[in-house]
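# Structure assessment
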Amino acid sequence: MKKYIIIAIIGLATAFNTFVFSEESIQTGRAFKRAKDHRAMIPIKIIHKIGLPKGYHEGLLVEGDNVWVVNGEGGKTWVINSNSGKVISEIESVATFSEGITSAPDGKYWASDWDTKKVYLVRREGSKLVTESELSLAPSHPTGIAWNGTNLYILTWTRGARGTRYHILVADKSGNVLNKVRIKRIPEPSQITWDGKDLWISSWFDRRVYRIDIKTFEIKGYFRSRIEKVTGIAWDGKSFWMTGSKEDLYQVEFVP
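Worth saying up front: this structure is predicted, and the values here are computed from it rather than measured. Residues take numbers from 1 onward in each chain, read along the sequence in its written order. Only residues with pLDDT of at least 70 are given local features in this predicted model, and only at 80 or more are side-chain atom pairs given and counted; all residues enter the totals for whole chains, interfaces and linings. Think of the side-chain values as coming from all heavy atoms in the structure, minus any hydrogens and water.

## Focus on the pairing of strand E7 (residues 77-81)
Which entries qualify depends on this criterion: Burial status follows relative accessibility: with a 1.4 Å probe on protein chains alone, a residue under 20% of its type maximum counts as buried, one over 50% as exposed, and anything between as partly exposed. Secondary structure elements are defined from DSSP: runs of H or I of at least 4 residues count as helices, runs of E of at least 2 residues count as strands, and each element is numbered from the N terminus. Note: two strands are recorded as paired if DSSP finds a minimum of 2 bridges between them.
Summarising burial for E7: five of the five residues are buried, a large majority. In E7, alternate side chains face the same way, and those of Thr77, Val79 and Asn81 on one face and Trp78 and Ile80 on the other are all buried. As judged from the four bridges shared by strand E6 (residues 66-71) and E7, these two strands associate in the antiparallel manner. Along E7, the bridge assignment pairs Val69 with Trp78. The antiparallel pairing of E6 with E7 creates a hairpin that spans five residues between the two strands, and Glu73 there sits at a positive phi of about 55 degrees.

## Some words on the environment of Ala138
Relative to the helices and strands, Ala138 resides in the loop between strand E12 (128-136) and strand E13 (141-147). By relative accessible area, which is 45% here, Ala138 ends up partly exposed. Separated by 20 residues in the primary sequence, Ala138 and Thr158 place their C-alpha atoms 8.7 Å from one another.

## Quick word on the pairing of strand E17 (residues 189-194)
Most of E17 is tucked away, with six of its six residues classed as buried. Examined bridge by bridge, E17 and strand E18 (residues 199-203) share four bridges and lie antiparallel to one another. When the bridges of E18 are listed, Ile192 appears paired with Ile201.

## So, the pattern of salt bridges
Going by this rule: In the sections that follow, a salt bridge refers to a side-chain nitrogen of Lys or Arg positioned within 4 Å of a carboxyl oxygen of Asp or Glu.
Under the criterion given, the structure shown has nine salt bridges. Where Lys49 meets Asp248, a salt bridge forms, and the shortest distance between an N and an O atom there is 3.6 Å. A residue pair is termed long-range when its members are at least 10 positions apart, and Lys49 in strand E4 (residues 44-50) and Asp248 in the loop between strand E22 (240-244) and strand E23 (249-254) qualify at 199 residues. Given the relative accessible area of 49%, Lys49 is considered partly exposed.

## A closer look at unusual backbone geometry
Phi is mostly negative for residues that are not glycine, and the peptide bonds are mostly trans. A cis amide bond, omega 10 degrees, links Ala138 with the succeeding residue Pro139. Within the secondary structure, Pro139 sits in the loop between E12 and E13. The phi torsion at Glu73 lies on the positive side, around 55 degrees, for a residue other than glycine. Residue placement: Glu73 occurs in the loop between E6 and E7. Assessed through its relative accessible area of 53%, Glu73 is described here as exposed. The phi torsion at Glu188 lies on the positive side, around 50 degrees, for a residue other than glycine. Take Glu188: it is sitting in the loop between strand E16 (177-182) and E17.

## A word on the sheet that holds strand E21 (residues 230-235)
For clarity, the cut-off: The angle between two axes is taken between their N-to-C directions and runs from 0 to 180 degrees, where each axis is a line fitted to C-alpha atoms and a helix contributes only its stretch in contact.
Reading across from one edge, E4-E23-E22-E21 is the order of the four strands in this open sheet, with antiparallel pairing throughout. What marks the edges here is a single partner per strand, and that holds for E4 and E21. Each strand of the sheet is rotated relative to its neighbour by a mean of 30 degrees, with strand direction disregarded. Here E22 pairs with E23 via three bridges, running antiparallel.

## Things to note about the nonpolar core
The condition that has to hold: Definition of nonpolar core: a set of buried residues of the types Ala, Val, Leu, Ile, Met, Phe, Trp, Tyr and Cys, connected through side-chain atoms within 4.5 Å. Residues are treated as being in contact if the distance between any of their heavy atoms lies within 4.5 Å.
Phe32, Ile168, Ile186, Ile192 and Ile212 are the most contacted members of the largest nonpolar core, which has 23 residues in total. Among the elements of the structure, strand E14 (152-160), strand E15 (163-171), E17, E18, strand E19 (208-212) and strand E20 (218-224) are those that each provide at least two residues to this core. Look past the residues within four positions of Ile212 in its chain and what remains in contact with it is Phe32, Ile186, Asp198, Leu199, Ile201, Phe217, Glu218, Ile219 and Lys220. Among the nonpolar cores identified, the runner-up in size contains 13 residues, and Ala104, Trp110, Trp147 and Val177 belong to it.

Quick look at the structure:
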């Protein structure tokens, strides 16, 4: 009887394009460490501020002159014009507690959801996101996600009797998880972005944003965001956009 139940479950997963994450097929055992040339308190300055409506602000995505602001707790994603500061459109979420969003090949997007413990490959149709496939990460909760043109990076929180463990998963363009690395020295990692060379991870706990080498998974340094409960972070090619759970939207750049 158990055998037939398992076959039925696999059949249902295939029918709905649902993929289940398996640790047996990936490399594990690595963990973040501090780089020898680690640089603390990289100086930044705020160059622009946009007031945001009340919400539960999570991940960010920059598309040209527009910044997408994801809202958790059943909220919609706002598309904000960075020049006018106005919300020019709202997009319905794919599930109940959206966390992060990033670009994907062929004009699509990857979106993560805390409640469902899934990452979705979606396409935008007007004011909604339509799911094409999904990856279950249960029992872990995905938070921030970032696509660098080759790989998808996913932050996860896994709660247990001994506390919460944090990891970064590395997946390919199809969502197949290739690697899993333990995140240490970054308390409560929230969101993530790619600057063309390194990853940057925001810490919801200590208001810092950490720079990560994707080849060695070393922490190369950090800057202080000055944002309470910092969440979303996105790189636009020259500067960062950042927000916090209940904060506004800020554009910052490095001080030479």
